[in-house]
Amino acid sequence: MRILGIETSCDETGIAIYDSSSNKILSENIFSQASSHAQYGGVVPELASRDHISKLLPLISLTFHQAKIKPRQIDAIAYTAGPGLRGPLLTGAALANSLSRGWGKPCIGINHMEAHLLVNLLEKPSPAFPFLTLLISGGHCLLVKTIDIGKYELLGQSRDDAVGEAFDKVAKLLGLNYPGGPEIERIAKKGDPRHFDLPQPMVKEDNLDFSFSGLKTAVYYLVKKKKKLDMNFKSNIAASFQYAVSETLINKCNKAIEENYLNKLVIGGGVASNAYLKKRFKENIPNVELFYPRQERCTDNGAMVAIAGFYRLSKSKNIDKIDIKPKWSLSEI
Ligand code: KG4
Ligand code: ZN
């Protein structure tokens, strides 16, 4: 089977064609709008929708051209139906619908978080079920017991800010560009992770939920007290923030692994591209096999939607119902 994947849930237009017989992506393209949103310090949904509209068709043509196949040689179209921003989701869903009718191919709406999870199945070696999944993105922080395709048990989630959101907000407090994650990671390299003793919210609580807003507030007060934000101060804040985030995530992952007798941990979502976090996970989550998607497939991309489309089609009859669900939870699948 060959599936065209279309991702437009936020500020990335991602297109890919997945081939199930080789378990390979034949070609993929991504257009990141980050620079258009940087001046506003975050994603402006209306601008994002307009950019998707102008980029979708050229990227789809390019992707077919690079894969050296024609639309008649694909079997289905998969698009992100949610969770995400309503306007951007609608652009992808509307185009997927039109192409589906024009080409006479089935069309299926994909859950964005399931796509972040399943993209790991493209890697070699890929994780065998069951495993624990930690999804850390701009909109979510989820711990999921992943029993099989479509069998997801939500073990814990953030009660307030998502991890990526906390990275973005702390970066903004430090006067860094959007998206904040890569900026924090960059300047943290020169900082001391133990310089500021930042809170590690909820680590002592007997549950698998997270909270990151207190951590961001602690940074806010440190920044407020300081008259001039010199580079040394910013780097120490960034390093101490990353350390506190890593300790919280490690603590909850270890707890979830122990309680659920799992020995594999799959990590996905934009924040999973952070090399410091990866190093800390490796050092502090012992006796567990760790899996990540390749760097460019941690953040939003079309490949994850295409492979999720393949697995969904093999499980679900609910196709051709064009819809978006901006607040679609993984536990509702
Ligand atoms: O998965 P993703 O591309 O989009 C959502 O589904 O939200 O994740 C985007 C988030 C942003 O908050 C961004 O700051 C964060 O991932 N991010 C990072 C890094 N690269 C992207 N956070 C920490 N370190 C990074 N290197
Ligand atoms: Zn995402």
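Since the structure is predicted, the reported quantities are computational estimates derived from the model, not experimental observations.

The next thing to look at is the site of ligand 1. The local shell around ligand 1 holds 20 residues, among which Gly138, Asp168, Glu185, Gly270 and Asp300 are the closest. Between ligand 1 and histidine 116, the relevant distance is 3.1 Å, taken from an oxygen atom to a side-chain nitrogen or oxygen of the residue. A distance of 3.0 Å separates an oxygen atom of ligand 1 from a polar backbone atom of glycine 270. When ligand 1 sits alone it has 550 Å² of accessible area, and the protein chains cover 90% of it. Class assignment for the residues of the shell around ligand 1 results in 4 nonpolar, 13 polar and 3 charged.

What follows deals with the packing of helix α6 (residues 180-188) against helix α8 (residues 231-260). A packed helix pair is summarised by two numbers, namely the angle formed by the two axes and the spacing between the axes. Contact geometry for α6 and α8: axes closest at 8 Å, N-to-C directions at 110°. One finds that α6 runs roughly perpendicular with respect to α8. In this structure, α6 crosses over α8, and the sense of that crossing is left-handed. Every residue of α8 that contacts α6 at Ile184, Glu185, Ile187 and Ala188 is listed here: Met231, Lys234, Ser235, Ala238, Ala239, Phe241 and Gln242. Counted by class, the contact of α6 with α8 contains 7 nonpolar, 2 polar and 2 charged residues.

The next subject is the sheet that holds strand β9 (residues 264-268). Within a sheet, neighbouring strands are paired by backbone hydrogen bonds and run either parallel or antiparallel to one another. Strand order in the open sheet formed by 5 strands is β8-β7-β6-β9-β10, with mixed pairing between adjacent strands. Taken across any chain shown, the strands that pair with only one partner, and hence form the sheet edges, are β8 (151-157) and β10 (289-291). Averaged over all neighbouring strand pairs, the angle between strand axes comes to 25°, with direction disregarded. With 4 bridges joining them, strand β6 (residues 131-136) and β9 adopt parallel strand pairing. Paired with threonine 133 across the bridge in β9 is valine 266. This element, α8, spans β6, β7 (141-148), β8 and β9 of the sheet and lies at about 155° to β6.

All right, on to the packing of aromatic side chains then. Enumeration over the complete set of coordinates arrives at 8 aromatic pairs. Relative to phenylalanine 310, the ring of tyrosine 18 lies with its centre 5.7 Å away and its plane at 55°, an arrangement referred to as tilted. With tyrosine 18 in strand β2 (residues 12-19) and phenylalanine 310 in helix α10 (residues 302-315), this residue pair connects regions lying 292 residues apart in the sequence. Take tyrosine 18: its relative accessible area is 1%, and that puts it in the buried class.

Further remarks concern the nonpolar core. Counting 48 residues, the largest nonpolar core has Leu134 and Leu249 as the members making the most contacts within it. Of all the elements in the fold, those that place two or more residues in this core are β6, β7, α5 (163-173), α6, α7 (213-225), α8, β9 and α9 (275-284). Residues Ala78, Ala115, Leu117 and Phe291 belong to the second largest nonpolar core, which totals 33 residues.

With that settled, the discussion passes to the pattern of salt bridges. Note on pairing: side chains with opposite charge can pair once their charged atoms come close. Tallied over the full model, the rule gives 13 salt bridges. For the salt bridge of arginine 2 with aspartate 19, the shortest nitrogen-to-oxygen distance reads 3.6 Å. Here the residue arginine 2 occupies a position in strand β1 (residues 2-7), and aspartate 19 occupies one in strand β2, the gap between them amounting to 17 residues. Taking the relative accessible area as the measure of exposure, arginine 2 reaches 25% and is therefore partly exposed. Given a relative accessible area of 9%, aspartate 19 falls into the buried group. Salt-bridge contacts for glutamate 283 lead to lysine 279; the nearest nitrogen and oxygen are separated by 3.5 Å. Residue glutamate 283 and its partner lysine 279 are both found in helix α9; the two are separated by 4 residues, about one turn of the helix.

Procedures and definitions
- Residues numbered from 1 in each chain as written.
- Chains lettered and ligands numbered in written order.
- Predicted model: local features only at pLDDT ≥ 70, side-chain atom pairs only at ≥ 80, totals over all residues.
- Heavy atoms only, no water.
- Near = heavy atom within 4 Å.
- Polar contact = N/O pair within 3.5 Å; in protein donor to acceptor, adjacent residues only side chain to side chain.
- Areas by Shrake-Rupley, 256 points an atom, 1.4 Å probe, with all protein chains shown as cover.
- Nonpolar A, V, L, I, M, F, W, Y, C, P; charged D, E, K, R; others polar.
- Axes fitted to C-alpha atoms, helices over the stretch in contact; angles between N-to-C directions.
- Helix = DSSP H or I, 4+ residues; strand = E, 2+ residues; numbered from the N terminus.
- Parallel < 35°, antiparallel > 145°, perpendicular 65-115°, else oblique.
- Left-handed = near helix turned anticlockwise from the far one by under 90°.
- Contact = heavy atoms within 4.5 Å.
- Pairing = 2+ DSSP bridges.
- Phe/Tyr/Trp six-rings, centres within 6.5 Å; stacked < 30°, edge-to-face > 60°.
- Buried < 20%, exposed > 50% of the residue type's maximum accessible area, 1.4 Å probe, protein only.
- Core = buried A, V, L, I, M, F, W, Y, C linked by side-chain atoms within 4.5 Å.
- Salt bridge = Lys/Arg side-chain N within 4 Å of Asp/Glu carboxyl O.

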